[in-house]
Every structure is written in structure tokens, then in C-alpha cells.
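Chain and residue survey
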Amino acid sequence: MDWVHDRKVLPLPGATFGRLIEIDDAETFTSAVEGAPDVLPALLCEAGGLLVLKGMGAISGHPEILVRLSHPFGSEVEDYALTSNRHNLLHPASTRIIRISNRPPMNFEPPEPPNPPRTEDGELPVRFPHRRGWHTDQSFRRPPPDISLFYAHEPAPRDQGQTLYADGTGAWERLDDDLAAIAENLVGIHVAPFKGHGEDDVRDGREPHALNERDGPQPQPVVRVHPVSGRKALYLCEREQMDWIHGPFAGMEPGVHGEAAQLLYRLMHHFTQPALTYAHHWDQGDLVIYDNRCTIHSATWFDAAKHNRDMWRTTVWGNPGPFYEGESRSWEGDAVRG
Ligand SMILES: [Fe+2]
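This section reports on the structure supplied with the text. Counting starts from 1 at the beginning of each chain's written sequence and moves along it residue by residue. Whole-chain, interface and lining totals are the exception, using all residues; otherwise, since this is a predicted model, local features are given only for residues with pLDDT of at least 70 and side-chain atom pairs are given and counted only at 80 or more.

1. Quick look at the overall build of the protein
Labels follow the DSSP assignment, with helices taken as runs of H or I lasting at least four residues and strands as runs of E lasting at least two, numbered in each case from the N terminus. Across its full length, the protein holds 11 helices and 16 strands. Radius of gyration: C-alpha atoms only; globule rule: 2.2 Å multiplied by the number of residues to the exponent 0.38. Taken over the C-alpha trace, the protein has a radius of gyration of 19 Å; the compact-globule value for 338 residues is 20 Å, and the two agree within 12%. Here the C-alpha coordinates of the protein stretch approximately 55 × 50 × 45 Å along the principal axes. Three classes are used. A residue is buried when 20 or more other C-beta atoms lie within 10 Å of its own, exposed when 12 or fewer do, and partly exposed in between, with C-beta atoms placed from the backbone. Within the protein, buried positions represent 43% of all 338 residues. Contact criterion: two residues are in contact if their C-beta atoms, reconstructed from the backbone, are within 7 Å. Contacts in the protein between residues at least 24 apart in sequence constitute 79% of all its contacts with a sequence separation of at least 6.

Set out below in C-alpha cells:
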């Protein structure tokens, strides 16, 4: 494919992983991807699970392009009409797209800014626990989704509403031997956010919500073997997407003051070190494709009183790896009926 060979695939500035692809014409590009459907997923894998595509603004007028581009990444593009608890997020043109937006009817509020808002060097904070909200999509389900495609229909101003990504493969490879030996056999307990099982809720003694089968909690390995690259990667969330009532780790003292909590802080601090992170400052028409099996990400604050932000996302399932082989989906069918 000429877009691969004519120098339009570039290293991603500011990152030790990921690739940047400059697109001239989103329609032509999408047809080329469909004509050779293995190429873009292979590139994502080579890039360590992160691709930034510039120039995909045609998706705004033709949302189906986003769904078409999602199909090569797995056997099934999620239909959120069947899986989402929040039908107000569905895109009017396709139930395979959800809108993450502060606009009504989505009313998705941005996270709080970190405190302090900048590092001592004046940089955007990325590292846990200064930066909070690191997660991988839908880790509260088994099997979890493989890939997400995230499109900026209407981004916040460039210096706000960034998305941060961290490299789970690099994080595993840089883990010291003692911590690696612990992490290798560790199981995290993941839960849907904002259900009263998060760290702050437990710390403040709030009553947990009733969970349904879509919300977890679900156990997940802390170290996953990527089914395509064969490389190990850390797989972990924090704050809202770990279950601090039953976890954050199975078989260890639960809660916010226990041994498991201390271990999670150590692992997440390591995972989100600046050398392993990338901050994406969004332009309209950007599309970021990320592999949830080997990266985590975090949203940042924007001034929702002054600005709107409207981001469109698809999620793709199909190849979680041998660890999940033969499992029914935790949120439907036999797995739920028992
Ligand atoms: Fe996410």
C-alpha cells in the first residue's frame, strides 16, 4: 500500500512507541485499508499498540468511515445498543459509535485537573498518582475488547482535553525482577467506573451501587501476553476502574489501606513514567487507534463551561489471547445465566 511506503508512516513525535500516519484523503485511505485488511492491524502491532492518523476529518460527515476502518481490527465491532448501559451516548448514525462529549444528551463531564495542574518543570502531569484516571477500555468485562478507535469530531482547544497513553509492553520490560515476579502471577479485580466500588468511594465510605452483568467485577491478569506479537505487557487500571471493595488484587488484603493498594500504587507509578507515555494534543479530524491489550490511557481536563468536546469511539473484539479461550462473554448468554 503506497501510504505505508511513501513515507507517510512516521515515528510519533514525543513518544517511544506509536506511529504517526498522515492521510491525504480519508475515503481513498479507507478503501485501501479494506483492500488489504491485514496491513493496518499489523502496523498497529509493530507500533506497540498506538497509531495516530492525521487528516481523517471526512469521518465527521461520513461516520460510517469510522466503522469501516474498525472492521479489519477484529471479528466484531461492538454494537453499543446491545452492550452499553448508557444509551444517551449512542451516535445517531450508528449504534457502533459512542460519543464521549459534554454536549447534551451525552453530558459526559471532563475529569478534574490534577493538583497541582503542572509538574515542577511546567509540564503536563502524566505520572500516577499525580495524574489519575489511567485505564484500559472495558476491563470490567471478560474477554475485554482488543482495540479502540477514537476520533476527534470536535476536540477541546489543543492545550486542553488531551488524551494520555502509556506503553504496557515497555512497562513490563522495564520492571525490576522482584516486582516482575510478583506481577507475573497477579490478578486484578476490575469494575465499571462510577459504581461506588472505586478508590474514593471506598475511602469515603459511600454505599456501592448494585452492579449488573455488564459492570463486573471481573478478574484480569496483570501481565498479558499479546496474542499477535507474543510480547508481555502490563494490564492494569486504577482509581475508578479497579474494585477497591474486593481488590484491587485477588488473594491480597483488599481496600484502600491494604498491601494490594500499595502494590497497585507502585505498579501504576512505574507504568506511567514519562518515558513510557505519550500525550496526544487533539486537532479536529485526528483518529487515534489504540490496543487495549498493551496500552492504557487517561483523559485530561478541559474547560467545559467554555468549550464543547465531542469524540467518537468504536471498540473491536475478537482476539483476546489464549488466556480467555473458550470463555462465554461475561455480560451475556450462558455466562450470565449461570
Ligand atoms: Fe477509555
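2. Quick look at the nonpolar core
Core analysis: the biggest nonpolar cluster contains 70 residues, and Y151, L234 and F271 have the highest contact counts within it. With residues near it in sequence (within four places) discarded, Y151 still touches M56, I59, L66, L287, M311 and W312. To form a nonpolar core, buried Ala, Val, Leu, Ile, Met, Phe, Trp, Tyr and Cys residues must be joined through C-beta atoms within 7 Å.

3. A few points about unusual backbone geometry
Following G216, the chain continues to P217 via a peptide bond in cis, the omega torsion being 5°. Of note, P217 is situated in the loop between α9 (199–203) and β10 (218–221). Residue G247 is joined to P248 through a cis peptide bond whose omega torsion reads 20°. Turning to its location among the elements, P248 is positioned in the loop between β12 (232–234) and α10 (259–271).

4. With respect to the environment of K54
Position of K54 relative to the elements: it lies in strand β3 (residues 50–54). In this structure, the C-alpha to C-alpha distance between K54 and D283, residues 229 residues apart in sequence, is 8.2 Å. Look past the residues within four positions of K54 in its chain and what remains in contact with it is L20, E22, I23 and D286.

5. Some remarks on the sheet that holds strand β8 (residues 163–167)
Spatial strand order, β13-β8-β15: 3 strands in an open sheet with antiparallel pairing. Sheet topology places β13 (277–280) and β15 (295–299) at the edges, where each strand pairs with a single neighbour. This sheet shows a mean twist of 20° between the axes of neighbouring strands, independent of strand direction. Here, a strand pair is defined by DSSP locating no fewer than two bridges between the strands. Looking at chain direction, β8 and β13 are connected through 4 bridges and run antiparallel. Residue L164 lies in a different strand from β13, and its bridge partner there is A279. The angle between two axes is taken between their N-to-C directions and runs from 0 to 180 degrees, where each axis is a line fitted to C-alpha atoms and a helix contributes only its stretch in contact.

6. Let's talk about the pairing of strand β7 (residues 147–154)
With 6 of its 8 residues buried, β7 lies for the most part within the structure. Judged from the 5 bridges that link them, β7 and strand β14 (residues 287–291) form a sheet pairing that is antiparallel. The residue bridging L149 from the neighbouring strand is I289, located in β14. Two elements, β7 and strand β16 (residues 310–317), share 7 bridges in a ladder whose sense is antiparallel.

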